[in-house]
Amino acid sequence: MPPISTHLHFGKKLIENSTDEVDIRCFILGMVSPDTYDDDTFEEIHNLDEDGNLDIREFYEQFDFKKLNLQEKSYVLGYYCYLWFDEYYKFNASKLKINNYYDLPDNELAIAIKDLFRFYDIKAIGSFYDGIIRDINSYKLNINLKEIKNINIQKVKDKLLEYSKEKVPNEVYSYLINEDKYMNFIQKGCSKIVKSL
């Protein structure tokens, strides 16, 4: 699955392309929430069906958006976007052509691709979330939604702070995946989810 940086890159694109009002703090807290699972809560947090597949439509349809306030809507939208992008990534990432000119072994190649994605993501995100993440610990989120009762918001905040301390990789193999094709991959996903909403 993609790193947090890729989810946040996708989230930034969605926010920029959305015509609806979004509380960015609540949105990114929702977007990071599924990444805070442990072995006991993985299935519930990721909304898996009995076959172990993501059921993103079921997750989305359990909420009555007319009854949610802006913070709740934004949080649920962020959470949904995480799940939706995981599914999109699962079925479409293989379309990104990998140019392994130097025959890196599989384990090195996987690390190099993850580093390259983080490099591209951080470059695309820029300072978009900086102020929000810096002040995230003082933000009080009061969401009373039984559907997501097992989420530990402090764990979510800690995950965001951990992400903010990640360093941009010093060296990446940019030849592995063309940057424009990667950006197009993210943009295509954004266009699809905007149409589906």
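Sequence order as written defines the numbering, with residues in each chain counted from 1. A pLDDT threshold of at least 70 governs which residues receive local features in this predicted model, and a stricter bar of 80 or more applies before side-chain atom pairs are shown or counted, although totals over entire chains, interfaces and linings include all residues. In computing side-chain properties, one takes all heavy atoms of the structure into account and sets aside hydrogens as well as water.

**So, the packing of aromatic side chains**
Pairing of aromatic side chains requires ring centres within 6.5 Å, counting the rings of Phe and Tyr and the six-membered ring of Trp. Pairs whose planes differ by under 30 degrees are stacked, by over 60 edge-to-face, and all others tilted. Enumeration over the complete set of coordinates arrives at 23 aromatic pairs. Taken together, a centroid distance of 5.0 Å and an interplanar angle of 35 degrees make the contact between Y60 and F65 tilted. When its relative accessible area of 21% is taken as the criterion, F65 is described as partly exposed. Clustering of aromatic rings is evident, with ring pairs tying together F10, W84, F85, Y88, Y89, F117, F119, Y120, Y182 and F185. In our convention, an over-ring charge means Lys NZ or Arg CZ found within 6 Å of a ring centre and within 35 degrees of that ring's normal. Against the face of F128 rests K12, its NZ or CZ located 5.5 Å from the ring centre. Three exposure classes are used, based on accessible area relative to the maximum for each residue type with a 1.4 Å probe and protein chains only: buried under 20%, partly exposed in between, and exposed over 50%.

**Some thoughts on the environment of D121**
By definition, any uninterrupted DSSP run of H or I lasting at least four residues is a helix, any uninterrupted run of E lasting at least two residues is a strand, and each is numbered from the N terminus. Its place among the elements puts D121 in helix α6 (residues 106–125). On the basis of relative accessible area, D121 is assigned to the buried category, the value being 0%. C-alpha of D121 to C-alpha of K95: the two residues are 26 residues apart in sequence and 18 Å apart in space. Residues within four places of D121 in sequence aside, it is in contact with S5, T6, H9 and Y182. By definition, residues are in contact when any of their heavy atoms lie within 4.5 Å.

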